[in-house]
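# Coordinates in review
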Amino acid sequence: MSAQDEARPELEVWIDQDLCTGDGICAQYAPEVFELDIDGLAYVKSPDDELLQDKGATTPVPLTLLNDVRDSANECPGDCIHVRRASDRVEVYGPDAE
């Protein structure tokens, strides 16, 4: 791991299914991270591609997909995608970001 990688905070993402509109924009931007389930709502996926259906389940944001995940949060019509620093849980992208 390079010093530059260590300087970047680890980010995680979660979806508030209560607000999800099922548009699937997130899955279009970052299918490696998001997926629509049979209930029509979006969920995050684990690094080994398992759908995480527990309420508030988080998954790490791979650095290579950060732009796609950020765009998903910004474009989501339900404002339900939350990207936060894993260390202090401060939201950096999404409806609660400052």
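Below or above, wherever it landed, is the structure these notes cover. (Residues numbered from 1 in each chain as written. Predicted model: local features only at pLDDT ≥ 70, side-chain atom pairs only at ≥ 80, totals over all residues. Heavy atoms only, no water.)

### Quick look at the nonpolar core
By size, the foremost hydrophobic cluster in this structure holds 21 residues, and its most contacted members are Val13, Phe34, Val69, Ile81 and Val83. Where this core is concerned, the elements lending two or more residues are β1 (11–15), β3 (42–45), α3 (66–75) and β6 (81–85). What Ile81 contacts, discounting residues up to four positions off in sequence, is Val13, Trp14, Ile15, Cys26, Phe34, Ser72, Ala73, Cys76, Glu91, Tyr93, Gly94 and Pro95. (Core = buried A, V, L, I, M, F, W, Y, C linked by side-chain atoms within 4.5 Å. Buried < 20%, exposed > 50% of the residue type's maximum accessible area, 1.4 Å probe, protein only. Helix = DSSP H or I, 4+ residues; strand = E, 2+ residues; numbered from the N terminus. Contact = heavy atoms within 4.5 Å.)

### As for the sheet that holds strand β7 (residues 91–93)
By definition, the strands of a sheet pair up through backbone hydrogen bonds, in either a parallel or an antiparallel sense. Read from one edge of the open sheet, 4 strands run β5-β1-β6-β7, paired in antiparallel fashion. Both outer strands of the open sheet, β5 (59–60) and β7, are each paired with one neighbouring strand and no more. Sheet topology places β6 next to β7; 2 bridges connect them, and they run antiparallel. For Val83, the partnering residue across the bridge sits in β7 and is Tyr93. On top of the sheet, α3 reaches β1, β6 and β7; it is set at about 130 degrees to β6, its chief contact. (Pairing = 2+ DSSP bridges. Axes fitted to C-alpha atoms, helices over the stretch in contact; angles between N-to-C directions.)

### A short note on the state of the cysteines
Two cysteines joined by a covalent bond between their sulfur atoms form a disulfide. In this structure the tally under the stated criterion is 0 disulfides. Cys20 takes part in no disulfide bond, and the closest cysteine sulfur to it belongs to Cys80, at a distance of 4.5 Å. The thiol sulfur of Cys26 is not disulfide-bonded, and the nearest other cysteine sulfur, from Cys20, lies at 6.4 Å. (Disulfide = S-S within 2.5 Å.)

### Side note on unusual backbone geometry
A negative phi angle characterises most non-glycine residues, just as the trans form characterises most peptide bonds. In this structure, Asp49 takes a positive phi of about 75 degrees despite not being glycine. Relative to the helices and strands, Asp49 resides in the loop between β3 and β4 (51–52). Residues other than glycine seldom take positive phi values, yet Asp79 does so here, at roughly 45 degrees. When you line up the elements, Asp79 lands in the loop between α3 and β6.

Shape is all these values report; function is a separate question.
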